[in-house]
Amino acid sequence: MGQEKFFLGRQPILDINQKIIGFELLFRSAESLCSANITDSFQASASVIINALTDFGTNEVLGRHKGYFNVDLEMLMSDSLELLPREQVVVELLETIEINSQVIERCRELKKQGFTIALDDHEYNPAFEELYTLTDIIKVDILQTSPERIPEMMQLLKRWPLTMLAEKVETAEQYAFCSAQGFQLFQGYFFAHPVVLKQKRVDIAQLTLTKLLEKVMREAELSEIEETFKENPNLTYNLLRLVNSVAIGLRERIKTLRHALMVLGLQQLKRWIMLALYASKSDQGVFSPLLEIAASRGKLMELLVKKQQAMLVNTDFSDRAFMTGVLSLVDSLFEVSMEEMVQQLNLDDDIRRALLAREGILGHFLQLTETVEQADFKMASN
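Residues numbered from 1 in each chain as written. Predicted model: local features only at pLDDT ≥ 70, side-chain atom pairs only at ≥ 80, totals over all residues. Heavy atoms only, no water.

(A) Just unusual backbone geometry, in detail. Residue Asp121 is not a glycine yet carries a positive backbone phi of 45°. By secondary structure assignment, the location of Asp121 is in the loop between β5 (116-119) and α5 (129-132). Relative accessible area serves as the criterion here: at 29%, Asp121 is assigned to the partly exposed category. Within the chain, Arg358 stands out as a residue other than glycine whose phi angle is a positive 55°. Relative to the assigned elements, Arg358 resides in the loop between α17 (349-357) and α18 (360-373). (Helix = DSSP H or I, 4+ residues; strand = E, 2+ residues; numbered from the N terminus. Buried < 20%, exposed > 50% of the residue type's maximum accessible area, 1.4 Å probe, protein only.)

Here is the structure:
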């Protein structure tokens, strides 16, 4: 599994009072942090979506705000788009999309599901009138649209209950002009340049994802799907982040891998695998010793607990032990504090206590496992 830094551009969208109401999420490659450098718009869309959900988590990227995601025609028509938390997402149709009956029908479906629809870099066009009835937000590039054209366009679009967003606002004069014309939302360098968020990413080999997708597609037993995650700690990390991204308002804390899979559901899991495959650039990862240790630690803790039947407080305790072992190196892998990771992953209290303070029964087994790894068998026997 290869490790690399992942970069995600995030530019705020503000209302008339200059209060942030959302963020546009933008693709940024490691080679070109200041610009998008996009050669494949579908892969760029997939990368932004999959990594907003798993590498960062929507709560960390968006908080309570809306997220604006650019989609091309392929992504718009893809079932994978429905992986996104619809109440928090604005689906932003790129100007390259040609409007036809299929596109209109797809937008109608997304609206029924609760998504917000926006048109990017748009100018009034009679051919779009049927789509305007399904659209919530019109984004106007004020650098590409002449100032003389804007008042007429705003008047024509008043026939529909649209929210008008002025983008590429770079000066106080432009902001004042757009406000006077009736724009309600604003985006541009006058307010803020895109902030580049950075996160350590542990890539998942395409072969692993393909095998997992095959199991999900043939509706394999949950135990068989779970085994794939147990063999690949990086899958487990991404699964937990995904669950916390798409299961907005989840009250209960995650206890086991099986619990996380059941909360997510196989349909959402399938969508996530497809997006991860699209976003992946490599069909073979580079070996990571930390991942190997994490997998071994999880398995050892699971076996140790199974040998101590008298200490099991419930039937899934060995699974909780496995998860504790796998997650015990997550801070080193992602180069962030364990406190931050535990907070993001919404874990059950006994797993949290074990990871943060080596407390409780799971904490005891984690300490024991770490001792065994160090070949300190005298200490392990105490």
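(B) Representation of the confidence of the model for the protein within the structure. Mean pLDDT over the protein stands at 78; residues scoring 70 or higher make up 75%. Ranking the elements of the protein by mean pLDDT puts helix α19 (residues 377-380) last with 46 and β5 first with 97. With pLDDT under 50 throughout, residues 1-6 is counted as low confidence; its partners more than four residues away or in other chains account for 35 contacts. (pLDDT = per-residue confidence, 0-100. Contact = heavy atoms within 4.5 Å.)

(C) Main features of α17. For α17, the complete set of buried residues consists of Ile351, Arg352, Ala354 and Leu355. Viewed along the axis of α17, the buried residues span an arc of 165°, placing them on a single side of the element. (Arc of directions from axis to C-beta.)

(D) Fine view of the environment of Phe322. Checked against the element boundaries, Phe322 lands in helix α14 (residues 317-327). C-alpha of Phe322 to C-alpha of Lys230: the two residues are 92 residues apart in sequence and 8.1 Å apart in space. Setting aside anything within four residues of it in sequence, one finds Phe322 in contact with Lys230, Leu257, Gly298, Lys299 and Glu302.

(E) Inspection of the pattern of salt bridges at higher detail. Counting across every chain of the model gives 20 salt bridges. As a salt-bridge pair, Lys139 and Glu167 come within 3.6 Å of each other at their nearest N and O atoms. Taken together, the residues span a long stretch of sequence, with Lys139 in strand β6 (residues 137-141) and Glu167 in strand β7 (residues 163-167) at a distance of 28 residues. With respect to class, Lys139 is no different from Glu167; both count as buried. (Salt bridge = Lys/Arg side-chain N within 4 Å of Asp/Glu carboxyl O.)

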